[in-house]
Amino acid sequence: MATLQKIRSKGPLLLIVIGLAMLAFILGDAWKIIRPTQGIQYVGNIAGEDITAMDFQKELEIYTDVVKFANQISDVTEEMQNSLKDEVWSTMVRNRILDKEAKALGLVVTDLEIKDAIERGEDEMLANTPFTRPDGKFDSDLLKKTLALYLELDPQTVSPEEYEYYQSLYNYWLFVEQNLKSSLLYNKYVSLVRAAIVSNPVSAKNSFNNRIMRSDVLMASLPYSIVPDADANITASDIKSVYDEHKNALFNYAENRDIVYIDYEITPSDDDRKAQLEEMNEVVSQLESEIDDYASFVRRSGSEVPYSEVARSARNLPVDVAERLDSVKVGGVFGPYYDGFEDSYNAFKLLSVVKGYDSIQFSVMQVVADDADAIAARADSIEKAVRKGADFVELASNYGQSALEQWLAADAYEPASISGDNAIYINKLNSMKKGDVAVLNLSNATIIIKVFDVKNPVDKYNTVVVKRPVQFSETTSNEAYNKLSAFLSVNTTVDDLKENAENSDFHLLYYPGFQNYSHNVAGVPKSTEALRWTFGAQEGEVSRIYEVGGANDHLLVVGVEKIHPRGNISIADATATLSLTALNNKKFDMLKGQLAGKTIDQLKSVEGIQIDTIRSVNFNNDAFVSSLYSNEATVGSSVFNLEQNELTIPMKGSNCVFVAEKISPDTYSAEYDENTENLRVRTMSSSRIMSGLLEELYYQAKVVDDRYKLF
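Since we're looking at a predicted model, the values are computed, not measured. (Residues numbered from 1 in each chain as written. Predicted model: local features only at pLDDT ≥ 70, side-chain atom pairs only at ≥ 80, totals over all residues. Heavy atoms only, no water.)

A. Geometry of the packing of helix α10 (residues 236–246) against helix α21 (residues 571–591). Between α10 and α21, the least distance of the axes is 8 Å, while the angle of their chain directions is 105°. In terms of their interaxial angle, α10 and α21 are classed as roughly perpendicular. Facing Asp238, Ile239, Lys240, Val242, Tyr243 and His246 of α10, the residues of α21 in contact are Ile571, Ala574, Thr575, Leu578, Ser579, Thr581, Ala582, Asn585 and Lys586. Of the residues assigned to the contact of α10 with α21, the class counts are seven nonpolar, five polar and three charged. (Axes fitted to C-alpha atoms, helices over the stretch in contact; angles between N-to-C directions. Helix = DSSP H or I, 4+ residues; strand = E, 2+ residues; numbered from the N terminus. Parallel < 35°, antiparallel > 145°, perpendicular 65-115°, else oblique. Contact = heavy atoms within 4.5 Å. Nonpolar A, V, L, I, M, F, W, Y, C, P; charged D, E, K, R; others polar.)

B. Looking closely at the sheet that holds strand β15 (residues 610–618). The strand order across the open sheet formed by four strands is β15-β3-β19-β18, and the pairing between neighbours is antiparallel. Both edges of this open sheet fall to β15 and β18 (651–652), since each of them pairs with a single strand only. With 11 bridges connecting them, strand β3 (residues 213–223) and strand β19 (residues 656–667) associate as antiparallel partners. In the sheet register, Met219 faces β19, and the bridge partner there is Ala660. Sheet contacts for helix α8 (residues 201–212): β3, β15 and β19; angle to β3, the most-contacted strand, approximately 65°. (Pairing = 2+ DSSP bridges.)

C. Molecular detail of the environment of Pro268. Tracing the backbone through its elements, the reader meets Pro268 in the loop between β5 (256–265) and α11 (270–287). Once the C-alpha coordinates of Pro268 and Ser477 are considered, the two residues, 209 residues apart in sequence, prove to be 8.7 Å apart. Those residues within four positions of Pro268 in sequence are excluded, and the remaining contacts are Arg273, Val470, Gln471 and Phe472.

D. Up close: the pattern of salt bridges. For the structure shown, the criterion picks out 32 salt bridges. A salt bridge links Asp573 to Lys562; the shortest N-O distance between them is 4.0 Å. You can see Asp573 sitting in helix α21 and its partner Lys562 sitting in strand β13 (residues 554–564), a full 11 residues away along the chain. The partly exposed category is assigned to Asp573, whose relative accessible area is 24%. The closest approach of N and O atoms between Glu677 and Arg680, which form a salt bridge, is 3.9 Å. You can see Glu677 and its partner Arg680 sitting in helix α24 (residues 674–700), three residues apart, about one turn around the helix. Exposure remark for Glu677: the relative accessible area of 3% places this residue in the buried category. On the basis of relative accessible area, Arg680 is assigned to the partly exposed category, the value being 37%. (Salt bridge = Lys/Arg side-chain N within 4 Å of Asp/Glu carboxyl O. Buried < 20%, exposed > 50% of the residue type's maximum accessible area, 1.4 Å probe, protein only.)

E. Up close: the pairing of β19. The pairing of β18 with β19 spans two bridges and is antiparallel. For Met651, the partnering residue across the bridge sits in β19 and is Phe658. Where β18 folds back onto β19 in an antiparallel hairpin, the turn is made up of three residues.

F. Quick look at helix α6 (residues 140–152). Along its 13 residues, α6 runs 18 Å from first to last C-alpha, staying within 8% of the 18 Å computed at 1.5 Å per residue. Taken residue by residue, α6 has Ser140, Leu142, Leu143, Thr146, Leu147 and Tyr150 as its buried positions. The buried residues of α6 occupy an angular sector of 155° when projected down its axis, which confines them to one face. Seen from the open side of α6, the exposed residues pointing more than 90 degrees away from its buried face are Lys145 and Glu152. The residue sitting at the N-terminus of α6 and contributing the capping side-chain oxygen is Asp139; that oxygen lies 3.0 Å from the backbone nitrogen of Asp141. (Expected span 1.5 Å × (residues − 1). Arc of directions from axis to C-beta. Polar contact = N/O pair within 3.5 Å; in protein donor to acceptor, adjacent residues only side chain to side chain.)

G. Region of interest: the sheet that holds strand β2 (residues 49–52). Reading across the sheet, the three strands line up as β2-β1-β20 and stay open at both edges, with antiparallel pairing between neighbours. Each having just a single partner strand, β2 and β20 (704–705) make up the two edges of the open sheet. For strand β1 (residues 42–46) and β20, the ladder comprises two bridges, and the chain directions are antiparallel. Note that in β20 the partner of Gly44 across the bridge is Asp705. Across the sheet, helix α2 (residues 53–71) is in contact with β1 and β2; its angle to β2 comes to roughly 60°. Packed onto the sheet, helix α3 (residues 78–105) meets β1, β2 and β20 and runs at close to 35° relative to β1.

H. Broad picture of the packing of aromatic side chains. Inspection of every chain in the model, using the stated rule, returns 26 aromatic pairs. Considering the side-chain rings of Tyr165 and Tyr166, the 6.5 Å spacing of their centres and the 90° angle between planes classify their relative orientation as edge-to-face. The pair formed by Tyr165 and Tyr166 is uniform in burial state, with each residue classed as buried. Their ring planes at 85° and their centres at 4.7 Å tell us that Phe251 and Tyr699 sit as a pair that is edge-to-face. Remark: Tyr699 occurs in helix α24 and Phe251 occurs in strand β4 (residues 251–252); sequence separation between them is 448 residues. Ring pairing ties together the aromatic residues Phe69, Tyr165, Tyr166 and Tyr172, which thus form one cluster. Taking the ring centre of Trp407 as reference, the NZ or CZ of Lys455 above it sits at 4.7 Å. Above the plane of the ring of Phe506 lies Lys483, whose end atom (NZ or CZ) is 5.4 Å from the centre. (Phe/Tyr/Trp six-rings, centres within 6.5 Å; stacked < 30°, edge-to-face > 60°. Lys NZ or Arg CZ within 6 Å of the ring centre and 35° of its normal.)

I. Representation of unusual backbone geometry. Note that the residue after Gly335, namely Pro336, is joined by a cis bond; omega there is 0°. Following the sequence through the fold, Pro336 ends up in strand β6 (residues 333–339).

J. Layout of helix α18 (residues 474–490). A rise of 1.5 Å per residue sets the reference length of α18, with its 17 residues, at 24 Å; its end C-alpha atoms lie 25 Å apart and thus fit the reference within 8%. Within α18 the residues assigned to the buried category are Thr476, Ser477, Ala480, Leu484, Phe487 and Leu488. For α18, the buried positions fall inside an angular range of 105° around the axis, keeping them on one side. Residues of α18 that are exposed and point over 90 degrees away from its buried face: Glu474, Thr475, Glu479, Ser489 and Val490. The inward-facing, buried residues of α18 contact β5, α11, α19 (494–500) and β13.

This is how it looks when you write it as structure tokens:
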């Protein structure tokens, strides 16, 4: 079992990243069980292929199991679930687009190529697996040994936990292997595209010069802000001119909507707080008496902190409790008290203070025999043998067990609520010393424990904590709902909301470009139903009230102001975006005459002028203009071909009109190598071309993402 120990010793594994860098789609919504009664069978369409909800859920379940195993966790949070759905959908989109292109081009990945890639172990994906050497490189021999162990494993000779671990590890590898094939196919496709890109001596030399040549620049600028916007007086013709110039970049790859919404948070009233404090007083009264079952008591009290039969270090107790431990004796109760940071009422009882460890190194073996008497006799024999110096691990191997040494950190178990055999087991470990051996009888097994080492003995506290965040009552909730409902009864359109919300003490928020792959509406938890409504509504419609939020503590109303379909953005929809560019164009025309035909010295008398000396300006990099607190991309290129002390004509910048004088030209110390520079040009060009190509492939695939309707 040394192989298993080696794998486990890697510690928490990183989430697998299938870094093909093909499409960065951030898609998804809250994960829910498919409801076939809705009659919807598909979650989207990719390149003409309908994606069924069943196929998507199957892929999601596989990837979820992989992530759980990779991170050694038993469950995933809602946030992680959303992320997993996004990654699964992104992978499905990527692979189907790639498969279609590869088929058309005749590109395939053979089993032999996959085997060769595994043997070489150079793919980045393999380095993120547990089958690695100490130097972090993939170890194909370790993989082979592990798979062989799994295939020969007899479930009757190992614990169910160990067998389940190997099963999960095997499924994990199958997933990696499948995605390795996709990675190799993508690399082939990229190589094919890059092979079609060539450089030439002129391009190579220009690239080299652009990078190494630099100079200081004396710059005089007039910020566009010195001209009032009203004086610029842009027209529809100005907007159209900018629109025509940028039309190809103005594109919606998926439908989006401009929405307005009211997110009304329900907060506890003064009466709610008073009532909850009275309840906490009663809790304290009960805590001060003897209680047989603290776990049940804590559950009944509504506490957010469950009781654990294992004492906890101060760092693993709530901060407000840890800060007050010195204020109470063993057996005493502290509280009730209010914690403003969490807005909660609290109380705790200190049952005992015991010694424990931050971490313990130990081994354990199970004693198995025909009956209880035989088990007791064998346990006694093994314990005596170990105390006399017998090797614990070797003894365990005689009974078909690995009994490998392992470290158990307090931070790994103290935050949890532990009871029963688990509590007996951990409490026993904390009571032992280095070198101790003990027989422990549990409800379903007899085990022998040996402690090899311990670290940092500390005080641990057996506490009963009642922590109750202040909550609003049903009366308060109803009052909030009725208030918002009354407002909506007379404000039924988006225009009504915009005109009257603020006057009625409802803050109206705006979200332009809202898309259906969002997990919720504007970040409000559990608002999936409102999301579905939003993408089924028409312009001007206003939703009903949705009770949302992590604790149903938010009331949400959504209004659809504008629907932007997939495709080229219309000039009307683009006007707001393009107005600033049109405005700056007009201001440039108004200001450039003040700079024309004048030296930098002559320009110093111009009202509003800014004079800057910018060091080491380069063709490829933006220049930071300190007086404007902004970057200007065109400064380096505007002076690049000038002679020393030569001045540019008035130039159009992002934030100003400027003239620049080239002073102190210089070059970085570098030796020109044509082959190296040609490779650099091809690499940079291929990156730009691949980015544009992949965007085009995504567009041509006409991807429809309807996951929000089901998940």
